[in-house]
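Next come the chains, spelled out residue by residue.
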Amino acid sequence: MFKYISLVIFSILPIFVKANDCSYNFDQDNKCDSYTVTPLSESEGLNLLTISLGNGKNISGTFNTGSAGITSGYFPGEIIVPLDFYSPKTVQQSTYTFRWNNGLKNWVLIKEANWSEPYRDEIYSLNGAPIPEEAKFPTEFEVKRIKCCVLLSDFKEKKPTYHELAKGQSIAAINEDIDHLKEKLKSGKESHLFYKTTPASEENRKPIPADLIYEISTNITDQNVEPLNNYAFYMQQTGSNILATILLRSIYEKYPRRIATKINLADSYWEIDLIEKSCHLYDEYINSMLLAGKKTLIPSRAYSRSDCAPHQNIK
């Protein structure tokens, strides 16, 4: 696995195995939950997902999950159901995101997402071919926020009818997620945004959904740009450089004068071996700091990495 690829969001389990080691609290009631994924013989890839809650209640739905299990979502009370997922090397990603609704005592579909992760292609993962720049990032996103209330248990052999939120409603839903990020960021990189449990360690690093980063990168405003820049910085610090680059690049494109974003983006480019892009940004950052009268605050790495001459034509 390449050092900069950290986008795996699915808990891949044999579909006959029951996940019952008390690792899950899907509905956030502080009771141990479990789940089973049972193949339906009449349809290849179609499986019955049954979540057993700690209070004795079972909630089931039918999904084409292929060989994947499910996983706890990024925010409390969420679960992510991968679709048509047959291998960790699958390039095309499709997911449903459900969020627990305490009033309905069920999970409500909030999002359907599709995207491509070209770096998973076997030419790179098995044959060892170098990954070109255009293949390092998830791409071709299609994310739909869904109107309430389609329940997980509404998914039978045919998926239920549901409708996408209007644009303004989708933006409001994304802003709610950003507000949650802002609140959790008060704990810095030790936050549950980056680690499943404390103390923070590589083993319990929390996967960040690529579709969430795509959504917030399209919704950057004067009011949220600073916390989102900080969020991307902490993503860097915890090893999620690809996703940090996506967000920082969007911030830089909209706010090209933000000095902190320049060095953060330069650092991310450097970590994912986009050296030529990185050195130009370090140089731009140094010039901006000098103009701002902040020469003494320029870190030494910016100087050592700003000379692009040795890196010309490096991809």
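What this report covers is the structure whose coordinates are included nearby. Every chain is numbered independently, its residues counted from 1 as its sequence is written. Selection of residues for local features in this predicted model requires a pLDDT of at least 70, selection of side-chain atom pairs for listing and counting requires 80 or more, and totals for whole chains, interfaces and linings are taken over all residues. The basis for the side-chain values is all heavy atoms of the structure; hydrogens and waters are excluded.

### Re helix α6 (residues 259-271)
Going by this rule: Working definition: helices are DSSP H or I runs of at least four residues, strands are E runs of at least two. Numbering for both runs from the N terminus. Here a helix's expected span is defined as the number of its residues, less one, multiplied by 1.5 Å. Only protein chains enter the accessibility calculation, which uses a 1.4 Å probe; a residue whose area is less than 20% of its type maximum is buried, one above 50% is exposed, and one in between is partly exposed. Here, two residues are considered to be in contact whenever any of their heavy atoms come within 4.5 Å of each other.
Taking 1.5 Å of rise per residue, 13 residues should cover 18 Å, and α6 covers 19 Å from first to last C-alpha, within 8% of that figure. Taken together, the buried positions of α6 are occupied by Thr-261, Lys-262, Ile-263, Asn-264, Leu-265, Ala-266, Asp-267, Ser-268 and Tyr-269. Check the buried side of α6 and you find it contacts α4 (225-237), α5 (241-254), α7 (275-291) and α8 (300-305). Positive phi shows up at Asp-273, right after α6, with a value of about 65°.

### Examining the environment of Phe-26
Following the sequence through the fold, Phe-26 ends up in the loop between β1 (19-24) and β2 (33-39). As for Phe-26 and Asp-179, which are separated by 153 residues in sequence, their C-alpha atoms are 22 Å apart. With sequence-adjacent residues up to four places away left out, Phe-26 is seen in contact with Asp-33, Ser-34, Tyr-35, Ile-51, Ile-70, Thr-71, Ser-72, Gly-77, Glu-78, Ile-79 and Trp-107.

### Overview of empty space enclosed by the protein
Leftover empty space is mapped by rolling, across the atoms, a probe with the size of a water molecule. For clarity, the threshold we go by: Cavities and pockets were defined on a 1 Å grid built over protein atoms only: a cavity is a set of grid points that admits a 1.4 Å probe from which the probe cannot escape, a pocket is an open set flanked by protein on both sides within 12 Å along at least five of seven lines, and lining residues are those with an atom within 4 Å of any such point. Grid points are joined across faces, edges and corners, and a volume is the space filled by probe spheres set on the points.
Tallying each qualifying case throughout the model produces one cavity of 30 Å³ or more. Within this model, the largest cavity holds a volume of roughly 100 Å³. What lines the largest cavity is a set of 14 residues, among which Glu-78, Thr-97, Lys-111, Pro-209 and Asp-211 lie closest to the centre. Here the lining of the largest cavity takes three residues from strand β7 (residues 92-101), the largest share from any one element.

### What to know about the packing of aromatic side chains
This is how the line gets drawn: Only rings of Phe, Tyr and Trp enter the pairing, Trp through its six-membered ring, and a pair is recorded when the two centres are within 6.5 Å. The plane angle decides the type: under 30 degrees is stacked, over 60 is edge-to-face, the rest tilted. In this scheme, the term charge over a ring applies when either NZ of a lysine or CZ of an arginine sits within 6 Å of the ring centre and within 35 degrees of the ring normal.
All chains considered together, the criterion is met by 20 aromatic pairs. On the basis of an interplanar angle of 85° and a centroid distance of 6.4 Å, the ring pair of Tyr-96 and Tyr-162 is categorised as edge-to-face. Of this pair, Tyr-96 sits in strand β7 while Tyr-162 sits in the loop between β9 (139-145) and α2 (167-184), and the two are 66 residues apart along the sequence. Taken individually, Tyr-96 and Tyr-162 each receive the classification buried, so the pair is uniform in this respect. Grouping aromatic residues by their ring pairs yields a cluster made of Tyr-24, Phe-26, Tyr-35, Trp-100 and Trp-107. In this structure, Arg-249 is placed above the aromatic ring of Phe-137, and the distance from its NZ or CZ to the ring centre is 4.5 Å.

### Some details on the packing of helix α3 (residues 210-217) against α5
Let me state the cut-off plainly: Each axis is a line fitted through C-alpha atoms, and for a helix only the stretch in contact is used; angles between axes span 0 to 180 degrees, taken between their N-to-C directions. Angular relationships are summarised with four words: roughly parallel below 35 degrees, roughly antiparallel beyond 145, roughly perpendicular across 65 to 115, and oblique for the angles in between. Residues are grouped as follows: Ala, Val, Leu, Ile, Met, Phe, Trp, Tyr, Cys and Pro are nonpolar; Asp, Glu, Lys and Arg are charged; all remaining types, including Gly, are polar.
Contact geometry for α3 and α5: axes closest at 9 Å, N-to-C directions at 10°. Of the possible angle classes, the one that applies to α3 and α5 is roughly parallel. Taking contact as the criterion, the partners of Ala-210, Ile-213, Ile-216 and Ser-217 in α3 are, on α5, Leu-243, Ile-246, Leu-247 and Ser-250. Residues belonging to the contact of α3 with α5 are distributed by class as follows: six nonpolar, two polar and no charged.

### Notes on the state of the cysteines
The cut-off we apply is this: We call a pair of cysteine sulfur atoms a disulfide whenever their separation is within 2.5 Å.
All chains considered together, the criterion is met by two disulfides. Residue Cys-148 pairs covalently with Cys-149 via a disulfide, S to S 1.5 Å. The chirality of the disulfide connecting Cys-148 with Cys-149 is right-handed, given an S-S dihedral of about 70°. Judged by relative accessible area, which is 41%, Cys-149 ranks as partly exposed.

### Quick word on the packing of α4 against α6
The relative placement of two packed helices comes down to the angle between their axes together with the axis-to-axis distance. What counts, and what does not: By definition, any crossing whose near helix is turned counterclockwise from its far helix by less than a right angle is left-handed, and any crossing with a clockwise turn is right-handed.
Where α4 contacts α6, the axes come no closer than 10 Å and their chain directions differ by 25°. The angle between α4 and α6 falls in the class roughly parallel. In the crossing of α4 with α6, the sense of the turn from one axis to the other is left-handed. Residues Asn-229, Phe-233 and Gln-236 of α4 form the contact with α6, whose own contacting residues are Ala-260, Thr-261, Asn-264, Asp-267 and Ser-268. Looking at the contact of α4 with α6 residue by residue, the classes come out as two nonpolar, five polar and one charged.

### What to know about the sheet that holds strand β6 (residues 78-82)
Stated precisely, the cut-off is as follows: In this description, strands pair whenever DSSP reports at least two bridges between them.
Taken together, the five strands give an open sheet; going across it, the order is β5-β6-β7-β8-β9, and neighbouring strands pair in antiparallel fashion. Strands at the two margins of the open sheet, each flanked by one partner only, are β5 (71-72) and β9. Against the sheet, α3 contacts β8 (106-116) and β9, and its axis sits at roughly 85° relative to β9.

### Observations regarding the pairing of strand β3 (residues 46-52)
The element β3 is extensively covered by neighbouring structure, given that six of its seven residues are classed as buried. The sheet contact formed by β2 and β3 spans six bridges and is antiparallel. Within β3, the residue paired with Tyr-35 across the bridge is Ile-51. Of the strand pairs in this sheet, β3 and strand β4 (residues 58-64) are connected by seven bridges, and their pairing is antiparallel. Paired with Ser-52 across the two strands is Asn-58, which belongs to β4. Hairpin connection between β3 and β4: a loop of five residues separates the two successive antiparallel strands, and Gly-56 in this loop has a positive phi of roughly 95°.

### Considerations on unusual backbone geometry
Cis geometry marks the peptide bond from Cys-148 to Cys-149, where omega comes out at 10°. Tracing the chain through its elements places Cys-149 in the loop between β9 and α2. Notably, Gln-28 is not glycine yet its phi reads approximately 60°, a positive angle. Although it is not a glycine, Lys-105 adopts a positive phi angle of roughly 55°. Mapped onto the elements, Lys-105 comes out in the loop between β7 and β8.

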